[in-house]
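# Commentary on secondary and tertiary structure
For reference, the chains in residue letters:
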Amino acid sequence: MSLRDDDAIGLALAAAADALALGEVPVGAVVLAPDGGVLATAHNEREAGHDPTAHAEVVALRRAGAALGSWQLAGCTLAVTLEPCTMCAGALVLARVARVVFGAWDPKAGAVGSLWDVVRDRRLNHRPEVAGGVREQECGALLEGFFAARRPPPLDLDTRRASRRGSVN
């Protein structure tokens with residue numbers, strides 16, 4: 001991990017906080033140009049856009065491509081607060097991103113080393129460098145807090161017993 005990676009994840013965390021304020025899953029991403037300058041930042045926009053593909057990574061890649069005037073993001077780095085899923089990992093490969101830096105690992109849907117490893121599949125024509133676990137606890141805590149706030153509170157023992165008795169007729 002480099003200081004640059006840490007700073008990039010910091011920018012992605014700021015974007016994730018914007019998503020949280022809008023009720024989106026708090027994932028943020030930033031695309032850095034080869035010289036380290038910021039090309040694009042984004043957060044999840046699935047709810048706002050009613051778009052299942054509007055993950056932070058995809059939105060950031062689209063904006064970076066528009067800023068460069070090209071779909072090819074050779075030499076660029078994408079930093080994101082959560083390990084990319086299969087869709088996003090595939091988009092990173094197709095965009096020819098040089099490096100992927102992410103914060104929290106995603107053992108349920110991660111495709112950059114956890115569940116799958118799409119970006120390092122030798123059968124593909126491009127394989128970006130990967131740095132995972134950058135500011136992992138900070139990124140993970142943001143997501144855990146978001147989902148914990150949406151879970152119903154656990155039922156107490158008496159309520160569970162009454163519920164079971166009422167459902168067995």
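For the structure itself, consult the block above.
Residues numbered from 1 in each chain as written. Predicted model: local features only at pLDDT ≥ 70, side-chain atom pairs only at ≥ 80, totals over all residues. Heavy atoms only, no water.

### Details of the pairing of strand β4 (residues 99-104)
Within β4, six of the six residues are buried, which leaves it mostly tucked inside the rest of the structure. Relative to β4, strand β3 (residues 77-82) runs parallel, the two being bridged by five bridges. Paired with Leu-78 across the strands is Val-100, a residue of β4. With helix α4 (residues 86-94) bridging β3 and the parallel β4, this β-α-β connection has right-handed handedness. Pairing geometry for β4 and strand β5 (residues 129-131), over three bridges, is parallel. In the sheet register, Val-101 faces β5, and the bridge partner there is Ala-131. (Buried < 20%, exposed > 50% of the residue type's maximum accessible area, 1.4 Å probe, protein only. Helix = DSSP H or I, 4+ residues; strand = E, 2+ residues; numbered from the N terminus. Pairing = 2+ DSSP bridges. Right-handed = clockwise from strand over helix to strand, strands pointing away.)

### Topic: the environment of Glu-83
Summarising the element assignment, Glu-83 is placed in the loop between β3 and α4. The sequence separation of Glu-83 and Ala-109 amounts to 26 residues, and the corresponding C-alpha distance is 8.3 Å. Sequence-distant contacts of Glu-83, that is, excluding residues within four places in its chain, are made with Phe-102, Ala-104, Trp-105, Asp-106, Gly-110, Ala-111, Val-112, Gly-113, Ser-114 and Trp-116. For Glu-83, the side chain forms a polar contact with the main-chain nitrogen of Gly-113, separated by 3.2 Å. (Contact = heavy atoms within 4.5 Å. Polar contact = N/O pair within 3.5 Å; in protein donor to acceptor, adjacent residues only side chain to side chain.)

### Concerning the pattern of salt bridges
Inspection of every chain in the model, using the stated rule, returns seven salt bridges. Its salt-bridge partner being Arg-99, residue Glu-129 comes within 3.1 Å of it at the nearest N-O pair. One end of the pair, Glu-129, is in strand β5; the other, Arg-99, is in strand β4, and 30 residues separate them in sequence. The class for Glu-129 is partly exposed, based on a relative accessible area of 47%. What makes Arg-99 buried here is its relative accessible area of 16%. Each member of the salt-bridge network shares a partner with another, and the members are Asp-5, Arg-99 and Glu-129. (Salt bridge = Lys/Arg side-chain N within 4 Å of Asp/Glu carboxyl O.)

### Some points on the environment of Asp-6
Relative to the helices and strands, Asp-6 is located in helix α1 (residues 3-21). Under the relative-accessibility criterion, Asp-6 is labelled partly exposed at 22%. Residues Asp-6 and Phe-102, 96 residues apart in the sequence, show an inter-C-alpha distance of 9.7 Å.

### Side note on the packing of helix α3 (residues 56-68) against α4
Direction vectors running N to C along α3 and α4 enclose 25°, while the axes themselves pass 9 Å from each other. In terms of their interaxial angle, α3 and α4 are classed as roughly parallel. For the element pair α3 and α4, the recorded crossing hand is left-handed. When α3 is examined against α4, the residues Glu-57, Val-58 and Leu-61 are found in contact with a partner set consisting of Met-87, Cys-88, Ala-91 and Leu-92. Residue composition of the contact of α3 with α4, grouped by class: six nonpolar, no polar and one charged. (Axes fitted to C-alpha atoms, helices over the stretch in contact; angles between N-to-C directions. Parallel < 35°, antiparallel > 145°, perpendicular 65-115°, else oblique. Left-handed = near helix turned anticlockwise from the far one by under 90°. Nonpolar A, V, L, I, M, F, W, Y, C, P; charged D, E, K, R; others polar.)

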